[in-house]
Amino acid sequence: MVENRSTTETEADVCLIVEGAYPFVAGGVSSWMHDLIQAQSHLTFHLIVLSADDSPKESRFKLPPNVIGMTEIALQQDSSRVPIVSGRQDIAKDIEGPMTRLFERGGLADFRQLLDVLERHGANVSRSSLLNTEAIFAMVERMYERSTPGSSFLNYFWSWRALAGGLFSVLLAKLPRAKVYHAISTGYAGVAMARAVLTTGRSGILTEHGIYTNERRVEIAMADWLSDQMPSSLDIEGRRRDLRDVWIDAFTGYARTCYEACSRITTLYTGNQVLQSRDGAPAEKLQIIPNGVDYDGFSKVPRDPSPRRPTVALIGRVVPIKDVKTFIRASALLRDMVPDVRVLLLGPTDEDPEYFHECQQMVAHLGLENTFEFSGRVKLQDYLGNVDAIALTSISEAQPLVLLEAGAASVPSVATDVGSCREILHGRADEVPSLGPGGFVTPLSNPLATAKGLADLLLDDNLRKQYGEAIRARTEKYYNKRVVDGLYRDLYQDHLEMPQRSALALEDV
């Protein structure tokens, strides 16, 4: 069931399209969207919120007053029973070609042809007519034989329904009117933006924090529910296609459609651009816009000049992805390198109680009771003035704001080589003039490297001040929220001034 909760028909300046996040889910992307809308208070926004289902949801945010409407689209509906309905053979015949190609890493041309078919059939098209007719079932059988012959047809059938069902929900929903359409990921949000660009002639923007297709690759590779492994054999031609390939190829097709449809593709750091280019994003559309922090506020945190113990901190949740255990092992090594060192973990401990308990046991086992403190949730500004260096041992990050918030307060860091940490601490290749290192970058799960980097900063006052000044200057120049807000203000203004193209004018995209 497609649910429309539009609160207004007024044309918005910007339509933000998001899947599985704001305003129903808290987290980094949701907080970023909330800040973005508030920072662009001169513009009006309409939200398209793509949800997994149509169950009632509670908003985690109070929508800013410049949000003038919200449309929720449920991607899936209960499929415990599949009703067979009457349907015309020609719809299945017409969509088979573009659907097959789109699911095989196709792109905007296939997507546009699919839109043409749906528009041509008009009132005859419904979600049931696209999913539940005998003609569609026969089409799915042919797509299966072409895609993964020899695998379980039942598993393919339900995978196809999940992939196509979400796509049809997006294609059949009523689109709100807006001057610019801005998707916050590829996937279903990206194809919704592509549809808006093609059918309204308005321009489209894509912002990716994490790379949606790459995240789906990881999830699908680890998915227990995708148990359809092809039987091993003595086939010298190597691995045969299975359902994982079906899912990944479809999401790659969605991403290519989105990349080709939009006018600008922004992301947080250059490492993400490599992945975007690999999936077909045109180089001329790519732009880096990092997340910003409250530089003005954090740069005013006063340093504590009084005599005290040398102090380091990890700022984050006590969860496995932060690799707190490597930080604890590094703390034991650091204690031997820096006399009377104090180690803090500033962050919530209640998200994974079992992991927290294991960390507590490790602290006790290593005899760190007088060195290591779990401080829980804190107001960071109350602590930064007493912290000499920050540690980050995460095994995965995009753009960790804690390095920037500490950097604004002239506190250098030692961080693992994940996400944009290297760019934050060492600067991007196009940084002119070079501001110098603002800390050390270490390999993953390497407590000795983390301890050595922290010890170098704690034992050398001049080095610590030099690195602290470098990261402060870099944060002010590139990651200052005022600067980043200005980049999005200019981006929106450029797209609001673009001439409207003819609807469904693929050749002009």
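Values in this document were obtained by computation on a predicted structure and should not be read as measured data.

K.L.:
Whenever I open this one, the pattern of salt bridges confuses me. Can you help?
P.N.:
If charged atoms from side chains of opposite charge come close, those side chains can pair. Applying the stated criterion across every chain, the model contains 32 salt bridges. Note that Glu72 and Lys57 form a salt bridge whose closest N and O atoms lie 3.0 Å from each other. On the criterion of sequence distance, the pair formed by Glu72 in strand β3 (residues 67–74) and Lys57 in the loop between β2 (45–51) and β3 is long-range, its members being 15 residues apart. Take Glu72: its relative accessible area is 1%, and that puts it in the buried class. By relative accessible area, Lys57 is classed as partly exposed at 26%. Here Lys325 makes a salt bridge to Glu358, at a shortest N to O gap of 2.6 Å.

K.L.:
Could you clarify how one ought to interpret the packing of helix α3 (residues 108–121) against helix α7 (residues 187–200) in this entry?
P.N.:
The description of two helices packed together rests on the angle between their axes and the distance between the axes. Where α3 contacts α7, the axes come no closer than 11 Å and their chain directions differ by 70°. Of the possible angle classes, the one that applies to α3 and α7 is roughly perpendicular. Judged by the sense of rotation from one axis to the other, the crossing of α3 with α7 is right-handed. Between α3 and α7, the residues in contact are Leu108, Phe111, Arg112 and Leu115 and Val191, Ala194, Arg195, Leu198 and Thr199, respectively. Of the residues that constitute the contact of α3 with α7, the class distribution is 6 nonpolar, 1 polar and 2 charged.

K.L.:
Would you mind going over the packing of aromatic side chains with me for this structure?
P.N.:
When we look at a pair of aromatic rings, we describe it by the centre distance and by the angle of the planes. Considering all chains together, one arrives at 21 aromatic pairs under this definition. With centroids separated by 5.8 Å and ring planes inclined at 70°, the aromatic side chains of Tyr212 and Phe251 adopt a geometry described as edge-to-face. Of the two residues, Tyr212 is situated in helix α8 (residues 212–222) and Phe251 in helix α9 (residues 243–261); the sequence distance between them amounts to 39 residues. With a relative accessible area of 5%, Phe251 lands in the buried category. The structure contains a cluster of three or more aromatic residues connected by ring pairs, namely Phe103, Tyr188, Tyr212, Trp247, Phe251 and Tyr254. Across the ring face of Tyr212, the terminal group of Arg216 is positioned such that the distance to the ring centre comes to 4.4 Å.

K.L.:
Whenever I open this one, helix α18 (residues 461–478) confuses me. Can you help?
P.N.:
It helps to recall that an α-helix has 3.6 residues per turn; residues three or four apart then point in one direction. Here α18 contains 18 residues, and its C-alpha end-to-end distance of 26 Å stays within 8% of the 26 Å for a straight helix at 1.5 Å per residue. By the burial criterion, the buried members of α18 are Leu463, Arg464, Tyr467, Gly468, Ala470, Ile471, Arg472, Ala473, Arg474 and Thr475. Looking at the buried residues of α18, the elements they touch are α11 (295–298), α15 (401–408), α16 (421–426), β13 (439–442) and α17 (447–459). Its side-chain oxygen 3.1 Å from the backbone nitrogen of Asn462, Asp460 forms the N-cap of α18.

K.L.:
Mind showing me how you'd approach the domain arrangement of the protein chain here?
P.N.:
The figure often quoted for interface size is the accessible area lost as the parts come together. Taken domain by domain, the protein chain holds domain 1 (10–228 + 240–292 + 480–508) and domain 2 (295–479). Each of domain 1 and domain 2 has a C-alpha centre, and these two points are 37 Å apart. Residue-level contacts link 13 residues of domain 1 with 16 residues of domain 2. Taken together, the two surfaces of domain 1 and domain 2 that pack against each other cover about 1100 Å², and 48% of this comes from carbon and sulfur. Its largest share of buried area at the contact with domain 2, domain 1 owes to Tyr269, Asn291 and Asn480, together 50% of the area lost on that side. Inspection of the region where domain 1 meets domain 2 yields 1 salt bridge.

K.L.:
What am I meant to see in the sheet that holds strand β5 (residues 203–208) here?
P.N.:
Strands pair in a sheet through their backbones, by hydrogen bonds, and they do so in one of two ways: parallel or antiparallel. Spatial ordering of the open sheet is given by β3-β2-β1-β4-β5-β6-β7, a layout of 7 strands whose pairing is parallel. Because the sheet does not close on itself, it has two edges, and the strands there are β3 and β7 (286–288). Each neighbouring strand pair of the sheet contributes to a mean axis angle of 20°, computed without reference to strand direction.

K.L.:
Hey, could you run me through the pairing of β13 in this one?
P.N.:
Residues in a regular strand project their side chains so that they alternate between the two faces of the sheet. When strand β12 (residues 413–416) meets β13, the two strands line up parallel, connected through 4 bridges. Bridged to Ser413 within β13 is Gly439.

K.L.:
In this structure, what is going on with the UniProt feature "domain: Glycosyl transferase family" (unreviewed entry) in the protein chain? I would like to understand it.
P.N.:
Per the UniProt record, the feature "domain: Glycosyl transferase family" (unreviewed entry) sits at residues 308–473. Between the C-alpha atoms that bound residues 308–473 the distance is 26 Å, and the span itself is 43% helix and 16% strand.

K.L.:
What exactly am I supposed to notice about the packing of α7 against α9 here?
P.N.:
For the pair α7 and α9, interaxial distance at closest approach is 8 Å and the crossing angle is 40°. Relative to α9, the element α7 lies oblique. For the element pair α7 and α9, the recorded crossing hand is left-handed. Packed against α7, whose contacting residues are Gly187, Tyr188, Gly190, Val191, Met193, Ala194 and Val197, the element α9 presents Phe251, Tyr254, Thr257, Cys258 and Ala261 at the interface. Broken down by class, the residue content of the contact of α7 with α9 amounts to 9 nonpolar, 3 polar and no charged.

K.L.:
I tried to follow the confidence of the model for the protein chain on my own but got confused; where do I start?
P.N.:
Low-confidence regions, as indicated by low pLDDT, have predicted coordinates that should not be scrutinised in detail. Mean pLDDT over the protein chain works out to 91, with 91% of the residues at or above the 70 mark. Throughout residues 1–5 the model reports pLDDT below 50, and contacts reaching past four residues in sequence, or to other chains, amount to 19 contacts. Overall, residues 505–509 carries pLDDT values under 50, and its contacts beyond four positions in sequence, including any with other chains, amount to 11 contacts.

K.L.:
Would you mind going over the environment of Arg335 with me for this structure?
P.N.:
Note on placement: Arg335 falls in helix α12 (residues 324–337). The class for Arg335 is partly exposed, based on a relative accessible area of 29%. On a C-alpha basis, the gap between Arg335 and Ala451 in space is 8.8 Å, while along the polypeptide they are 116 residues apart. Discounting chain neighbours no more than four positions away, the residues touching Arg335 are Val341, Leu366, Gly367, Leu368 and Thr371.

K.L.:
Quick question: what am I supposed to make of the nonpolar core here?
P.N.:
Nonpolar side chains in soluble globular proteins tend to end up buried together. Of all hydrophobic cores here, the largest spans 68 residues; its most connected members are Trp160, Leu167 and Tyr188. If you tally residues by element for this core, the top one is α9, at 11 residues. Not counting the four nearest positions on each side in its chain, Leu167 is found in contact with Met99, Leu102, Phe103, Phe111, Leu114, Tyr188, Val191 and Tyr254. In terms of nonpolar packing, the next biggest core, distinct from the first, is built from 30 residues, Ala332, Phe356, Met362 and Tyr467 among them.

Thresholds applied
Residue numbers restart at each chain and count upward from 1, following the sequence in its written direction. Whole-chain, interface and lining totals are the exception, using all residues; otherwise, since this is a predicted model, local features are given only for residues with pLDDT of at least 70 and side-chain atom pairs are given and counted only at 80 or more. Heavy atoms throughout the structure, all of them, feed into the side-chain values; hydrogens and water do not. By definition here, a salt bridge exists when the distance from a side-chain nitrogen of Lys or Arg to a carboxyl oxygen of Asp or Glu is within 4 Å. Helix and strand definitions here come from DSSP, where helices need a minimum of 4 consecutive H or I residues and strands a minimum of 2 consecutive E residues; each element is numbered from the N-terminal end. Here the term buried applies to any residue with accessible area under 20% of the maximum for its type, exposed to any over 50%, and partly exposed to those in between, with areas from a 1.4 Å probe on protein chains only. Think of each axis as a best-fit line through the C-alpha atoms, taken over the contacting stretch in the case of a helix, with angles from 0 to 180 degrees between the N-to-C directions. In what follows, roughly perpendicular refers to angles from 65 to 115 degrees, roughly parallel to angles under 35, roughly antiparallel to angles over 145, and oblique to any angle outside these ranges. Crossings are classed by handedness, with left-handed meaning an anticlockwise turn of the near helix from the far one by less than a right angle and right-handed meaning a clockwise turn. Contacts are assigned to residue pairs with any non-hydrogen atoms lying within 4.5 Å of each other. Only Asp, Glu, Lys and Arg are considered charged, only Ala, Val, Leu, Ile, Met, Phe, Trp, Tyr, Cys and Pro nonpolar, and every remaining residue, Gly among them, polar. The rule is short: rings of Phe, Tyr and Trp, with Trp giving its six-membered ring, pair when the centres are within 6.5 Å, and they are stacked under 30 degrees, edge-to-face over 60, tilted in between. Counting as a charge over the ring demands two things of the Lys NZ or Arg CZ atom: a distance within 6 Å of the ring centre and an angle within 35 degrees of the ring normal. A helix is expected to span 1.5 Å multiplied by its residue count minus one. Pairing of N or O atoms within 3.5 Å defines a polar contact, subject to two protein rules: one partner must be a possible hydrogen donor and the other a possible acceptor, and residues neighboring in sequence count only if both atoms are side-chain atoms. Residue ranges assigned to each domain were obtained from an automatic or database domain assignment. What counts as buried area is the accessible surface, traced by a 1.4 Å probe, that two parts surrender upon association, with contributions from both included. Here, a strand pair is defined by DSSP locating no fewer than two bridges between the strands. UniProt positions are given in the numbering used here, feature names are shortened, and annotations may be inferred rather than shown by experiment. A residue's pLDDT is the confidence the predictor assigns to it, expressed on a 0 to 100 scale. To form a nonpolar core, buried Ala, Val, Leu, Ile, Met, Phe, Trp, Tyr and Cys residues must be joined to one another through side-chain atoms within 4.5 Å.

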